[in-house]
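# A look at the structure
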Amino acid sequence: MLNTLKNRFEQGYKTTDYPKTDIQLVDRYRGRPEITQDAPDDIVKMCASECPQDAIDAEKKTIDLGRCVFCGGCERLSDGKFVTFTTDFGTGTSIREHLFTDGNLPALADHSKKHFKKLFGRSLQLRQVSAAGCNACEADLNVLATPFFDLGRFGINFVASPRHADGIVVTGPISRNMKTALLQTFEAIPDPKVVIAVGSCAISGGPFRGSPEITEGLDSLIPVDLYIPGCPSHPLTNLHALLNYFK
Amino acid sequence: MDTGFLKISNGCAIPRSDIPQLSFAEFRENALNIVKGGGKVVHYFGYKENGTVKLLAVLRTDELLIAGTDAPDSYPSFTNECEPFHLFEREIAEQFGIRPEGHPWLKMVRYHPNETGKPDVFDNDYSEDIPGRYDYYQVDGDEVHEVAVGPVHAGVIEPGHFRFNCIGERVFHLEIQLGYQHRGIENLLTNVDSKRLPIIVESIAGDTTVANATGMAQAVEALTQVETDTGSRIIRTIALELERIANHTGDLGALSGDVAFLPPANYFGRMRGDFLNMTLLLCGNRLGKGVVRPGGVRFTIDDEIRNELMRRINELEPQMKHVIDLLFSTPSVRSRFEGCGTVSKGDAEKLGLVGPAGRACGIQSDIRREFPTEYYQKFEIPEYYEPSGDVYARARVRADETMLSIKMIKTLLENRIETQAVDFGNFNLSPGSFVVTVNEAWRGELSHCILTGDNGEIARYKIKDPSFHNWNGLSMSLRDTGISDFPLNNKSFNLSYCGFDL
């Protein structure tokens, strides 16, 4: 007992004040990119051709954050002249097209569905399905339950059964072998229900695009309400998106 | 004794023409002799060459050995004589339609059609979406019942199917069927621009990002004759050990939660985040995506970051020690951990268990000591094991390894780390070559193999996650164990679904 108490004192109180106070992530973290629209064409083209995810549109000078894995290659290649990644982790969007960004993302809170806020604003129970996810997005969703983030204080929980859920959170590029199980889980959730796609894989196929074994985009199977980009998305990106969309 | 196999070195490329091509009978006899004599199977896989299928085995004694042969359409199974081949033979049957006759349990591995167009060995119809056409192993008896779990599980966790045969609470047998996570990675890697290689490899298994990226980078470096500098080897080693600590810490917390002792569950969970945030500080990604690239590392550690890492690890070290002490000194934890899910050393050897799961059964192998890469030759990794083979042993091994890894990182952070950040460019691999890399990932022996074709293209990319060896260990641990202890045993192994399914 004494040992338990000693540890309790040593550990202290660790839960973040976010969203009441802001959190500044470390410099090397790569969140929302800023794009210089008058960057020289040759640099833009070079970035577009070297991008491992082919996520850059050189004509429009936009990046598809649904495909981007935030490796930061374009920032390094252009030496910041075309792209710089900021530490702004609030990159979730409610519309897929918003992720094709020139550096600006609309405020997520302005694009959420009013009836979702009314229905789920005080209590949101989510069923997570990993559909061929690599366990990175899953891990960074799981940590929301740890004391630092403490998702439960916002009335949001991950539940064990789709029958107890208000919505589904999908990670992974939806392999051929997981498609049926995913759709059955979706069916099992009572209406009205929300669908959240987390990570580059669920949004676009991510690193696995081109493989005949996967699906390039959850929204080709079921309608998606909330897109949270990243590889994986940072826990704060997940938290920011959930709070702004539902609260 | 001439085994017919060629000795090779970890991470050194050889011309494919140097690989001994044996008759199938010789290949079979020699491979069986080496493994029966205590050798381990690192790889045994098929590949296509000029329209025919060939087989290649990489075995491990105190050195790495390789030989190849032409694949027959069918052959007498190795597994009947030597169990560690069992899953490798099933994989070859699935990927190339080659039947190991008399295999004691020939069933699909990942549920996909084979590449040769030969009749499917398992009579599967792949137009069906769900990998369901399989009769699970059944136990007969009036009071025997089955429990089916998955592929979608109760937690935030990857998919797989578990089928228990029980009498009351007692489990006779657990069968695990995976394949739901299959993304076709090995084939994808032979078809994509080289710029995509690191991004795909880093997503084989997100919790093993650094180890997979390191295994790939070592292979590419060997095939491009690139030497990495000392600084980048140190940074890779730090990143590998941070990955090990974060995962072990998370699992110790999960184990504590599963025996309903919540203080350490929360403390370990929080500290795991602190270790992930150290990786974030290093490279901007909590899971280490982007640290390792062929040629070195993409992020350097300057003195400011080095001091900050040191400050954080110094703060965490006593906390880790105290929470580990709290966990293992609590009688209710000990009574649940001890004697639960025991795997004997003999079974562990036959199943070919590796890494912490093997060390918890008395198998002291550690690739960091036996085939050191990166900066590991500078460390004395102890010959260490726990003999009891139960949940306690698996938890104890992970706790001890965590404290060792913390010490290693502190040593590495003591002096300035000088290196140049490399960026990833296109590269030309040596044509007609072969390379294998082995590393001790946090779950155990992780290996990547590349065979290049006449123009330096990747003709075959073979990946073996340690979980490929260890899933059957979890099945074995459940025998004669209460089904309610499944979560505890599962977390004590914490194996990779996506690393297995590829």
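Residues numbered from 1 in each chain as written. Chains lettered and ligands numbered in written order. Predicted model: local features only at pLDDT ≥ 70, side-chain atom pairs only at ≥ 80, totals over all residues. Heavy atoms only, no water.

## Topic: unusual backbone geometry
To keep it simple, the criterion reads: Secondary structure counts use DSSP, requiring at least four H or I residues in a row for a helix and at least two E residues in a row for a strand, with both numbered from the N terminus. A 1.4 Å probe rolled over the protein chains alone gives each residue an accessible area, and that area as a share of the maximum for its type sets the label: buried under 20%, exposed over 50%, partly exposed in between.
For the bond running from C231 of chain A to P232 of chain A, omega is -5°, close enough to zero to count as cis. Inspection of the secondary structure assignment puts P232 of chain A in the loop between strand 10 (226–228) and helix 8 (235–246). Residue P151 of chain B is bonded to the preceding G150 of chain B through a cis peptide linkage, with omega at 20°. Among the structural elements, P151 of chain B can be located in the loop between strand 9 (144–149) and strand 10 (161–167). In this structure, Q225 of chain B is a non-glycine residue whose phi angle is positive, near 55°. Positioned with a positive phi, E374 of chain B is a non-glycine residue whose angle comes to about 45°. Examined against the element boundaries, E374 of chain B turns out to sit in the loop between helix 12 (367–370) and helix 13 (391–412). Residue class for E374 of chain B comes out buried when judged on its relative accessible area of 8%.

## Describing the sheet that holds strand 15 (residues 444–452) of chain B
Residue and element names in this part refer to chain B. Selection rule: Only strands that DSSP links by at least two bridges are regarded as paired with each other. The contact criterion used is simple: two residues touch if any of their non-hydrogen atoms lie within 4.5 Å. In this analysis, axes come from line fits to C-alpha atoms, helices being fitted only over the stretch in contact, and the angle between any two N-to-C directions falls in the range 0 to 180 degrees.
Strand order in the open sheet made by the four strands is 2-14-15-16, with antiparallel pairing throughout. In this open sheet, the two edge strands, each paired with only one partner strand, are strand 2 (14–15) and strand 16 (458–464). Note that strand 14 (residues 433–441) and strand 15 share eight bridges and pair antiparallel. The residue bridging E440 from the neighbouring strand is E445, located in strand 15. Docked against the sheet, helix 5 (residues 209–224) engages strand 14, strand 15 and strand 16, running at close to 150° with respect to strand 14.

## Some points on the interface of chain B and chain A
For clarity, the cut-off: Put simply, buried area is the surface a 1.4 Å probe can reach on two separate parts but cannot reach once they are joined, added for both. A carboxyl oxygen of Asp or Glu within 4 Å of a side-chain nitrogen of Lys or Arg is what we treat as a salt bridge. Two N or O atoms count as a polar contact when they lie within 3.5 Å, although within protein this holds only if one can serve as hydrogen donor and the other as acceptor, and sequence-adjacent residues are included solely when both atoms are side-chain atoms. Under the scheme applied, nonpolar residues are Ala, Val, Leu, Ile, Met, Phe, Trp, Tyr, Cys and Pro; charged residues are Asp, Glu, Lys and Arg; polar residues are all the others, including Gly.
Contact with chain B, which involves 69 residues of that partner, is made by 65 residues of chain A. Between chain B and chain A lies a buried interface of about 5,300 Å² when both sides are counted; carbon and sulfur atoms form 52% of it. Seen at the junction of chain B and chain A, the total is three salt bridges. In this structure, the salt-bridge partner of R286 of chain B is D140 of chain A, at a minimum N-O distance of 2.9 Å. Across the contact surface, chain B and chain A share 28 residue pairs in polar contact (both at pLDDT 80 or more). Going through the elements one at a time, helix 3 (185–189), helix 4 (197–201), helix 7 (262–283) and helix 8 (303–328) of chain B are the ones with two or more residues in the side of chain B that touches chain A. Of the residues assigned to the side of chain B that touches chain A, the class counts are 35 nonpolar, 18 polar and 16 charged.

Remember, this is a structural readout, not a statement about activity or role.
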